[in-house]
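# Structural characterization, general
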Amino acid sequence: LLFVRELEANAMRNARRFVELDQICVTADARRSGVGDALMGATKAFASEQGIAQIELSVWCFNATARRFFERHGFGAILVNDASQTSAENIYAIG
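As a starting point, this report considers the structure included with it. (Residues numbered from 1 in each chain as written. Predicted model: local features only at pLDDT ≥ 70, side-chain atom pairs only at ≥ 80, totals over all residues. Heavy atoms only, no water.)

Let us look at the packing of helix α1 (residues 35-49) against helix α2 (residues 64-72). For the pair α1 and α2, interaxial distance at closest approach is 11 Å and the crossing angle is 50°. With respect to α2, the axis of α1 lies oblique. Between α1 and α2 the crossing geometry is right-handed. Touching G36, D37 and M40 of α1 are F69, F70 and R72, all from α2. Among the residues forming the contact of α1 with α2, the class breakdown is 3 nonpolar, 1 polar and 2 charged. (Axes fitted to C-alpha atoms, helices over the stretch in contact; angles between N-to-C directions. Helix = DSSP H or I, 4+ residues; strand = E, 2+ residues; numbered from the N terminus. Parallel < 35°, antiparallel > 145°, perpendicular 65-115°, else oblique. Left-handed = near helix turned anticlockwise from the far one by under 90°. Contact = heavy atoms within 4.5 Å. Nonpolar A, V, L, I, M, F, W, Y, C, P; charged D, E, K, R; others polar.)

In structure tokens:
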């Protein structure tokens, strides 16, 4: 799921506009077949069509496979939470 997010400026942040990649999933039998790469390509194309350079997503701390996948696609962590918490997520961004 992709969302265009537009946040107004307030005392804590500047106004900004970005695409949020809320959910992406590839079934186990389809992994390593290029499906994930195609989905990321479509995500980047969507953002570009909207005139948006920034894409953000959340990934569970314990999901090292997903973190490596997103890093391979140019994403980097912008917020890292305590991995000892089972509900902790890291925020990644590109752009």
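More follows now that the structure is in view.
Along the chain, the position of M12 falls in the loop between β1 (2-7) and β2 (16-21). On a C-alpha basis, the gap between M12 and R72 in space is 31 Å, while along the polypeptide they are 60 residues apart.

With that settled, the discussion passes to the packing of aromatic side chains. Evaluation of the coordinates by the stated rule reveals 3 aromatic pairs. Taking 6.0 Å as the distance between ring centres and 10° as the angle between the ring planes, the aromatic pair formed by W60 and F62 counts as stacked. For W60, a relative accessible area of 37% puts it in the partly exposed group. What makes F62 exposed here is its relative accessible area of 60%. Note on F70 and F75: the rings are 5.9 Å apart at their centroids and 70° apart in plane angle, and the pair reads as edge-to-face. The same class applies to F70 and to F75, which are both buried. An aromatic cluster of three or more residues is present, and its members are F69, F70 and F75. One residue, R5, lies across the ring of F3, its end atom 4.7 Å from the ring centre. (Phe/Tyr/Trp six-rings, centres within 6.5 Å; stacked < 30°, edge-to-face > 60°. Buried < 20%, exposed > 50% of the residue type's maximum accessible area, 1.4 Å probe, protein only. Lys NZ or Arg CZ within 6 Å of the ring centre and 35° of its normal.)

On their own, these measurements won't tell you what the molecule is for.
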